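# Descriptive structure summary
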Amino acid sequence: MIDNWTISELDRLLESHLSLRYRTVIPVLGMPVTFEADAAEVITLAEESFGAWRSLESTPEWIAPVGPTIRVVVRRGSEGSDSHASLRHDLPRQGYMTITTPGSRAIADSECNGAAAVVTETLVADRSHFRYGVLEALAFFLLSWQDRQPIHAAALSREGKAVLLAGPSGVGKSTLAYAGLRIGLQVLAEDVVYLQSRPQLRVWGTPGFLHLPPDSARYFPELAERQPTLRANGKMKIAIDVRAVGAVPPLPVVDRVTVCLLRRGGSGPGLQELAATEVEQALVTDIEPGFDMFAETIGPVVRKVVQSAMGWQLDLTDHPQTAVEYLRRVLDELDDLQELP
């Protein structure tokens, strides 16, 4: 069973079957990630997922010297009776992840700083599913162990400053981010940002897509004709490519940031300033599954972020337009903020 093999064993399997003659290197989160595959389509999909980070190539001093390698072989085969394969992500031990479907297998090993996968043509043909559930999952897992610790938050930016929108799943981070896009703000991240602590603190975004609830047209009429698709997490969402509408920042990284905690059930809408200790406590306790791999180490990095600027609590109502204007005020407060330490 591939599930129990080490990455070196799976690598040998890949090398014994086919030559991985397609290759690209993309500076994802400021780290050069090498993608190798036997099919050009895999490289195309890697560019779709991570191409936004190519903007860093104009600032090579922000790119680390070494990054992980991800190798993929595509073979004939189906994913059982369902063409939209069920994806299972497991963490059998620290720093090690497996991805399984009825017909495909992948592993990522942080100690080897690499990943390998044998996947079906059927899975690759399900483009967004393969991008999100395999390529992005492998890359971000490996990078998370390379001084890029994840925080569950969306992020909107303006002129090199960003506000992190933190809150539990379902609170409305993506919807609020889209509302911010409509008033001219840039989308730095939909659901997760990554904190770098060395040689200095930086906040990395993940620009690409926003995924909105199927009923979003009731707030945003222009989405009335958009059809939702099934994501790897089993949820139906409307996918918005923010790159296609020019809503991504020139560089996917900021060094001036503040945090806004989102809350429903208050008297809102309304904005309230919070002490740094309150924001820190909210970010490091009750961490949702999937973001809790670094629960024991994320505290000091979060502390640096929240102590660099005031924090906020934003009470939401049903309509995101009533809350998005408060984000202008939050970003205004960052105008005089010094760079993060």
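Before going into details, it helps to say that this report is about the structure given with it. (Residues numbered from 1 in each chain as written. Predicted model: local features only at pLDDT ≥ 70, side-chain atom pairs only at ≥ 80, totals over all residues. Heavy atoms only, no water.)

### Focus on the overall build of the chain
The test is simple: Helical segments are the DSSP runs of H or I of at least four residues, strand segments are the runs of E of at least two, and each set is numbered from the N terminus. We compute the radius of gyration from the C-alpha atoms alone; for a globule the expected value is 2.2 Å times N to the 0.38, where N is the number of residues. For every residue, the accessible area (1.4 Å probe, protein chains only) is compared with the maximum for its type, and the residue is labelled buried under 20%, exposed over 50%, or partly exposed between those bounds. Contacts: residue pairs with any heavy atoms within 4.5 Å of one another. Note on areas: these come from Shrake-Rupley sampling with a 1.4 Å probe, and a residue is covered only by the protein chains present in the view. In this tally Asp and Glu are treated as negative and Lys and Arg as positive; neither His nor the chain ends contributes. A charge is said to be at NZ when it belongs to Lys, at CZ for Arg, at CG for Asp and at CD for Glu.
A count of helices and strands for the chain gives eight helices and 19 strands. The C-alpha atoms of the chain give a radius of gyration of 20 Å, which matches the 20 Å a tight globule of 341 residues would have. By principal-axis analysis of the C-alpha atoms, the chain measures approximately 60 × 45 × 35 Å. Looking at the chain as a whole, 54% of its 341 residues are labelled buried. Across the chain, contacts joining residues at least 24 apart in sequence account for 72% of those joining residues at least 6 apart. Accessible surface, the chain as shown: approximately 14900 Å² in total, 48% of it carbon and sulfur. Positive and negative charge centroids in the chain, built from 32 and 43 side chains respectively, lie 2 Å apart.

### Brief notes about helix H5 (residues 173-182)
Of all 10 residues in H5, nine are buried, a share of seventy percent or more. Lys 173, Ser 174, Thr 175, Leu 176, Ala 177, Tyr 178, Ala 179, Gly 180 and Leu 181 are the residues of H5 that are buried. Immediately beyond the C-terminal end of H5, within one or two residues, lies Gly 184, with a positive phi of roughly 100°.

### Points about the nonpolar core
A general trend in soluble globular proteins is that nonpolar side chains are found buried together. The cut-off we apply is this: Among buried residues, those of type Ala, Val, Leu, Ile, Met, Phe, Trp, Tyr and Cys that are joined through side-chain atoms within 4.5 Å constitute a nonpolar core.
In terms of nonpolar packing, the biggest core is built from 44 residues, with Val 28, Phe 50, Trp 53, Ile 70, Val 72, Phe 130 and Leu 138 touching the most fellow members. It is helix H4 (residues 127-144) that provides the largest number of residues to this core, a total of 10 residues. Those residues in contact with Val 28 that lie beyond four places of it in its chain are Val 33, Phe 50, Trp 53, Phe 140 and Leu 143. Leu 156, Val 171, Ala 179 and Leu 314 belong to the second-largest nonpolar core, a separate cluster that totals 34 residues.

### Brief notes about unusual backbone geometry
Of the consecutive residues Arg 198 and Pro 199, the connecting peptide bond is found in the cis state with omega at 0°. Inspection of the secondary structure puts Pro 199 in the loop between strand E11 (192-196) and strand E12 (202-204). In this structure, Leu 29 takes a positive phi of about 55° despite not being glycine. Turning to its location among the elements, Leu 29 is positioned in the loop between strand E1 (22-28) and strand E2 (31-37). Judged by its relative accessible area of 0%, Leu 29 is buried. Its identity is not glycine, yet Asp 286 carries a phi of approximately 50°, on the positive side. Examined against the element boundaries, Asp 286 turns out to sit in the loop between helix H6 (276-284) and helix H7 (298-306). Assessed through its relative accessible area of 77%, Asp 286 is described here as exposed.

### Considerations on the pattern of salt bridges
Which entries qualify depends on this criterion: What counts as a salt bridge is simple: a side-chain nitrogen of Lys or Arg found within 4 Å of a carboxyl oxygen of Asp or Glu.
In the structure shown here, the tally under the stated rule is 17 salt bridges. Between Glu 48 and Arg 131 there is a salt bridge; the shortest N-O distance is 2.9 Å. Remark: Arg 131 occurs in helix H4 and Glu 48 occurs in helix H2 (residues 40-50); sequence separation between them is 83 residues. Classification of Arg 131 as buried rests on a relative accessible area of 9%. Between Asp 332 and Arg 158 there is a salt bridge whose closest N-O contact spans 2.8 Å. Here Asp 332 is found in helix H8 (residues 321-332), whereas its partner Arg 158 is found in strand E8 (residues 149-158), with 174 residues between them in sequence. The exposure class of Asp 332 is partly exposed, given its relative accessible area of 40%. A cluster of three or more residues bridged by salt bridges with shared partners is formed by Glu 41, Glu 48, Arg 127 and Arg 131.

### Comments concerning the environment of Ser 104
Our working rule: The term polar contact refers here to a pair of N or O atoms within 3.5 Å; inside protein, the definition further demands a hydrogen-donor-capable atom paired with an acceptor-capable atom, and it admits residues adjacent in sequence only when both atoms are side-chain atoms.
Structurally, the position occupied by Ser 104 is in the loop between strand E5 (96-100) and strand E6 (105-109). In contact with Ser 104, not counting residues within four places along its chain, are Glu 79, Ile 99, Val 118, Val 119, Thr 120 and Leu 123. There is a polar contact of 3.0 Å between the side chain of Ser 104 and the backbone nitrogen of Thr 120.

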